[in-house]
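Below, each chain spelled out in residue letters.
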Amino acid sequence: MPQRKYQTPRVFEQKVRLLNHTYRQLFIQDLGHDQPTILFTNDAHASARQLIIRYAKRMLIENALSDAVRFFHIDALSSSVGFKVDFDMALLVIASGLYRLTGRRMRGYDDAQARQIFRDLVDMPANITVSDTDVTVRFHRRAHLPIVLASGLFDKPIPVPWWNNRPLRLAP
């Protein structure tokens, strides 16, 4: 099992028959919750351990989306049109993924939530210079700047296609 605080959950499993189909029902205790976790599955072949690990991974994804909804304010949409909601959700997932990728490049931010990455690493004052040849972002001194410097983002310019491949340069 992946590194977890609760390494030895107790599992009670039983078969359940509904509408002429047989399912597995697992009651899992000692996962750190007051009440047991109940898993209901039609997977007859996976072990209880595999099912618990799959459940844990799905919960991480759900928790990340929940955090992103709160951080990116998707619950404050201005329209109830389905397309807009779907598009906003797609953008939310992309933005959340980009924040997670950024966090993975930064020492100590592997598992950080989007709001912490934004607060510590993105929301920092800078001077921006736009010239005919490039765009330079020069950051002011700040407590988390050494982490950003160590990430390698300052090492080479980044060509930006919608600026006619004009490079973006990050500078301390």
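Described below are features of the structure shown in this document. (Residues numbered from 1 in each chain as written. Predicted model: local features only at pLDDT ≥ 70, side-chain atom pairs only at ≥ 80, totals over all residues. Heavy atoms only, no water.)

## Observations regarding the overall build of the protein chain
Okay, step 1: A count of helices and strands for the protein chain gives four helices and seven strands.
Okay, step 2: Start at the N end of the protein chain and walk to the C end: the helices and strands fall as β-β-β-α-α-α-β-β-α-β-β.
Okay, step 3: Evaluated residue by residue, the protein chain yields a buried proportion of 27% over its 172 residues.
Okay, step 4: Long-range contacts, defined here as pairs at least 24 residues apart, represent 35% of the contacts in the protein chain between residues at least 6 apart. (Helix = DSSP H or I, 4+ residues; strand = E, 2+ residues; numbered from the N terminus. Buried < 20%, exposed > 50% of the residue type's maximum accessible area, 1.4 Å probe, protein only. Contact = heavy atoms within 4.5 Å.)

## Some remarks on the sheet that holds strand S1 (residues 10–18)
Through backbone hydrogen bonds, the strands of a sheet pair up, either in parallel or in antiparallel fashion.
Okay, step 1: The strand order across the open sheet built from three strands is S1-S2-S3, with neighbouring strands paired in antiparallel fashion. Looking at strand neighbours, the two that pair on one side only are S1 and strand S3 (37–41), the edges of this open sheet. On average, adjacent strands in this sheet sit at an angle of 20° to one another, irrespective of strand direction.
Okay, step 2: Note that strand S2 (residues 21–29) and S3 share five bridges and pair antiparallel. From the neighbouring strand, Arg 24 faces S3, where its bridge partner is Thr 41. (Pairing = 2+ DSSP bridges. Axes fitted to C-alpha atoms, helices over the stretch in contact; angles between N-to-C directions.)

## Comments concerning the side chain of Ser 151
Okay, step 1: Its place among the elements puts Ser 151 in the loop between helix H4 (145–150) and strand S6 (158–160).
Okay, step 2: Owing to a relative accessible area of 11%, Ser 151 belongs among the buried residues under this scheme.

## Considerations on the pattern of salt bridges
Okay, step 1: According to the stated counting rule, one finds five salt bridges in the structure shown.
Okay, step 2: Ionic pairing is found between Arg 54 and Asp 43, a salt bridge with its closest N-O pair at 3.2 Å. Here Arg 54 is found in helix H1 (residues 48–72), whereas its partner Asp 43 is found in the loop between S3 and H1, with 11 residues between them in sequence.
Okay, step 3: Of the residues examined, Arg 54 reaches a relative accessible area of 34% and is grouped as partly exposed. (Salt bridge = Lys/Arg side-chain N within 4 Å of Asp/Glu carboxyl O.)

## Some points on helix H3 (residues 114–122)
Okay, step 1: Taken as a whole, H3 has its buried residues at Ala 114, Ile 117, Asp 120 and Leu 121. Relative to the axis of H3, the buried residues are bounded by an arc of 145° and lie together on one face. (Arc of directions from axis to C-beta.)

## So, the pairing of S2
Okay, step 1: Alignment of S1 against S2, held across nine bridges, turns out to be antiparallel. Across the sheet, residue Phe 12 finds its bridge partner in S2, namely Phe 27.
Okay, step 2: Hairpin remark: S1 followed by S2, antiparallel, with two residues in the connecting loop; positive phi at Leu 19, about 50°.

## So, the pairing of strand S5 (residues 135–139)
Okay, step 1: Judged by how many residues are buried, S5 sits mostly within the fold: four of five residues are covered.
Okay, step 2: The sheet contact formed by strand S4 (residues 126–130) and S5 spans five bridges and is antiparallel. Bridge pairing in S5 places Ile 128 opposite Val 137.
Okay, step 3: As paired elements, S5 and strand S7 (residues 166–171) share four bridges and run parallel to each other. Bridging across to S7, Thr 136 finds its partner in Arg 169.

## So, the sheet that holds S6
Okay, step 1: Spatially, the four strands line up as an open sheet ordered S4-S5-S7-S6, and their pairing is mixed. Strands with a single pairing partner mark the edges of an open sheet, and in this sheet they are S4 and S6. Pairs of neighbouring strands in the sheet enclose a mean axial angle of 20°, with direction left out of account.

## Notes on the nonpolar core
Okay, step 1: Membership of the largest hydrophobic core comes to 17 residues, with the highest contact counts inside it found for Met 106, Tyr 109, Ile 117, Leu 121, Phe 139, Leu 145 and Val 148.
Okay, step 2: At the level of elements, H3, S5 and H4 are the ones that each hand at least two residues to this core.
Okay, step 3: Grouped together as the second largest cluster of nonpolar side chains are seven residues, Leu 26, Ile 28, Leu 39 and Ala 46 included. (Core = buried A, V, L, I, M, F, W, Y, C linked by side-chain atoms within 4.5 Å.)

From the geometry alone we can't say anything about function, so treat these as descriptive.
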